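Secondary and tertiary structure notes
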Amino acid sequence: MFVDPDQLVDAIAAAVREGDDHRIGLLLDRFKVVAELSHLIRLRHRLGGAGAVRGS
């Protein structure tokens, strides 16, 4: 099944905002199969960039 990685980035960001851990896991499982580096970078930016990760 083909899934658009750009749509997955949007869905993952929405699931993170909602705090839906189960949905995040399911989406990431699909994402890791279809995403390329550019999609991973886009996801990183959507989730707050490097500052949010370092500040954890």
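What counts as what
- Residues numbered from 1 in each chain as written.
- Predicted model: local features only at pLDDT ≥ 70, side-chain atom pairs only at ≥ 80, totals over all residues.
- Heavy atoms only, no water.
- Axes fitted to C-alpha atoms, helices over the stretch in contact; angles between N-to-C directions.
- Helix = DSSP H or I, 4+ residues; strand = E, 2+ residues; numbered from the N terminus.
- Parallel < 35°, antiparallel > 145°, perpendicular 65-115°, else oblique.
- Left-handed = near helix turned anticlockwise from the far one by under 90°.
- Contact = heavy atoms within 4.5 Å.
- Nonpolar A, V, L, I, M, F, W, Y, C, P; charged D, E, K, R; others polar.
- Expected span 1.5 Å × (residues − 1).
- Buried < 20%, exposed > 50% of the residue type's maximum accessible area, 1.4 Å probe, protein only.
- Core = buried A, V, L, I, M, F, W, Y, C linked by side-chain atoms within 4.5 Å.
- Salt bridge = Lys/Arg side-chain N within 4 Å of Asp/Glu carboxyl O.

Here helix H1 (residues 5–18) crosses helix H3 (residues 37–46) at 25°, and the two axes come no closer than 10 Å. Classified by the angle between their axes, H1 and H3 sit roughly parallel to one another. In this structure, H1 crosses over H3, and the sense of that crossing is right-handed. On H3, the residues touching Pro 5, Asp 6, Val 9, Asp 10, Ile 12, Ala 13 and Arg 17 of H1 are His 39, Arg 42, Leu 43 and Arg 46. The residue inventory of the contact of H1 with H3, partitioned by class, reads 5 nonpolar, 1 polar and 5 charged.

To continue, consider H1. Between the first and last C-alpha of H1 there are 20 Å, a value that for 14 residues agrees with the 20 Å anticipated at 1.5 Å per step. Within the span of H1, buried status applies to Pro 5, Leu 8, Val 9, Ala 11, Ile 12, Ala 13, Ala 14 and Ala 15. Gly 19 occupies a position one or two residues after H1 and carries a positive phi of about 75°.

Turning next to the nonpolar core. Val 3, Leu 8, Val 9, Ala 11, Ile 12, Ala 15, Ile 24, Leu 27, Phe 31 and Leu 43 together form the largest nonpolar core, which totals 10 residues. Contributions of two or more residues to this core are made by H1 and helix H2 (21–34). Here this core gets 5 residues from one element, more than from any other, and that element is H1. Excluding its chain neighbours within four sequence positions, the residues that come into contact with Ala 11 are Arg 23 and Leu 27.

What follows covers the side chain of His 39. If you trace the backbone, His 39 turns up in helix H3. Look past the residues within four positions of His 39 in its chain and what remains in contact with it is Pro 5, Asp 6, Val 9 and Phe 31.

Looking now at the pattern of salt bridges. The full count for this structure, using the stated rule, is 5 salt bridges. Put simply, Arg 42 and Asp 10 hold a salt bridge, and the shortest N to O gap is 2.9 Å. With Arg 42 in helix H3 and Asp 10 in helix H1, this residue pair connects regions lying 32 residues apart in the sequence. The partly exposed category is assigned to Asp 10, whose relative accessible area is 32%. Bridged by salt links that share partners, the residues Asp 6, Asp 10, Arg 42 and Arg 46 form one connected network.

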